[in-house]
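Next come the chains, spelled out residue by residue.
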Amino acid sequence: MPLPLATAPAEPAPPPRGEALLAAFRGHLAVTGRGNVAYDRGARAFLRAWPDPRDWADEPLAVRITLGQPQWPFVMFLLVHRLLRPGWDWLVRRKLSSIWRAIVASPIEADMTRFVDTAVAIGFTEAVTRRVASQSAVRLLIQTGRPLDQLRGDDLDAFAQACRDRQAETGQGWRHC
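Computed from a predicted model, the values in this text were never measured in an experiment.

## Description of the nonpolar core
In this structure, Phe46, Phe74, Leu78, Leu96, Ile108 and Met112 are the most contacted members of the largest nonpolar core, which totals 40 residues. For this core, the elements supplying multiple residues, two or more each, are α1 (18-32), α2 (37-49), α4 (72-80), α5 (88-91), α6 (99-102), α7 (109-121), α8 (126-144) and α9 (153-170). A total of 8 residues in this core trace back to one element, the largest contributor, which is α4. Beyond its immediate stretch of four places on either side in the chain, phenylalanine 74 contacts Leu21, Phe25, Ala43, Phe46 and Leu47.

The following block contains the structure:
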């Protein structure tokens, strides 16, 4: 019996754009019980600047770090739906304080829940585990684009290096990660 041909994994389909992406964002906001006119305006402003949101990730850190409050809910939507990988440099410099609301009904929610449930089952408190998950695990899930059970040692190394780089540049420690 012949062996199947080995092929490279297919590239992920390009994310939706324009009105389709805005509709997906609005749908996510409805599911999570959030949203207002400012969120919509922020998403439209982001898409005017970067019609393909992946282009934003190619911008220098100085540009990526200056996103305004109105764009933040849209960027969080892109992150938790694996439509945007912002770069380790950005991820270790931004607080993801709304992550627990943003992950509801997203591809990342099940992994975050499993992370917390497993840590609690082996004796960690839920409060500590949720902090660790929001400081570390979610950043790994976002930047790698892979589920929890497919993370690798080099992913952890890249995250740790980004934390060390941030500390060297800013003096801010990374023990919380």
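## Concerning unusual backbone geometry
Comment: phi is negative for the bulk of residues other than glycine, and the bulk of peptide bonds are trans. In this structure, arginine 82 is a non-glycine residue whose phi angle is positive, near 55 degrees. Assignment of secondary structure puts arginine 82 in the loop between α4 and α5. Residue arginine 82 is classed as partly exposed on the basis of its relative accessible area of 28%. The phi torsion at alanine 105 lies on the positive side, around 60 degrees, for a residue other than glycine. With respect to the helices, strands and loops of the structure, alanine 105 is situated in the loop between α6 and α7. Under the relative-accessibility criterion, alanine 105 is labelled partly exposed at 46%.

## Quick word on the packing of α7 against α8
The axes of two packed helices give the description: the angle between them and the distance between them. Interhelical geometry of α7 versus α8 gives an angle of 140 degrees and a closest axis separation of 9 Å. In terms of their interaxial angle, α7 and α8 are classed as oblique. Note that α7 runs across α8; the crossing there is right-handed. Between α7 and α8, the residues in contact are Asp111, Met112, Phe115, Val116, Ala119 and Val120 and Glu126, Thr129, Arg130, Val132, Ala133, Ser134, Ala137, Val138 and Leu141, respectively. Of the residues belonging to the contact of α7 with α8, the class tally is 10 nonpolar, 2 polar and 3 charged.

## Here's the deal with the environment of leucine 67
With respect to the element layout, leucine 67 can be found in the loop between α3 (61-64) and α4. Taking C-alpha positions, leucine 67 is 9.8 Å from glycine 42, a pair spaced 25 residues apart along the chain.

## Examining the pattern of salt bridges
Per the counting criterion, the structure on display carries 10 salt bridges. Among the ionic pairs, aspartate 155 bridges to arginine 146, the shortest N-O distance being 2.3 Å. When sorted by exposure, aspartate 155 lands in the same class as arginine 146, which is buried. Residues joined in a network through salt bridges with shared partners are Glu19, Arg26, Asp40 and Arg44.

## What to know about the packing of aromatic side chains
Aromatic ring pairs are described here by two measures, namely the spacing of the ring centres and the angle between the planes. Under the criterion given, the structure shown has 9 aromatic pairs. Residues phenylalanine 25 and phenylalanine 74 carry aromatic rings whose centres are separated by 5.1 Å and whose planes lie at 80 degrees to one another, so their mutual orientation is edge-to-face. Taken together, the positions of phenylalanine 25 in helix α1 and phenylalanine 74 in helix α4 put the pair 49 residues apart, joining distant regions of the chain. With a relative accessible area of 0%, phenylalanine 25 lands in the buried category. Feature note: the residues Phe25, Phe46, Trp50, Trp56, Trp72, Phe74, Phe77 and Trp90 constitute an aromatic cluster, connected by ring pairs. Here arginine 130 stacks its cationic end above the ring of tryptophan 100, 3.9 Å away from the centre of that ring.

Analysis parameters
- Residues numbered from 1 in each chain as written.
- Predicted model: local features only at pLDDT ≥ 70, side-chain atom pairs only at ≥ 80, totals over all residues.
- Heavy atoms only, no water.
- Core = buried A, V, L, I, M, F, W, Y, C linked by side-chain atoms within 4.5 Å.
- Buried < 20%, exposed > 50% of the residue type's maximum accessible area, 1.4 Å probe, protein only.
- Helix = DSSP H or I, 4+ residues; strand = E, 2+ residues; numbered from the N terminus.
- Contact = heavy atoms within 4.5 Å.
- Axes fitted to C-alpha atoms, helices over the stretch in contact; angles between N-to-C directions.
- Parallel < 35°, antiparallel > 145°, perpendicular 65-115°, else oblique.
- Left-handed = near helix turned anticlockwise from the far one by under 90°.
- Nonpolar A, V, L, I, M, F, W, Y, C, P; charged D, E, K, R; others polar.
- Salt bridge = Lys/Arg side-chain N within 4 Å of Asp/Glu carboxyl O.
- Phe/Tyr/Trp six-rings, centres within 6.5 Å; stacked < 30°, edge-to-face > 60°.
- Lys NZ or Arg CZ within 6 Å of the ring centre and 35° of its normal.

The values reported here are purely geometric and, on their own, carry no functional implication.
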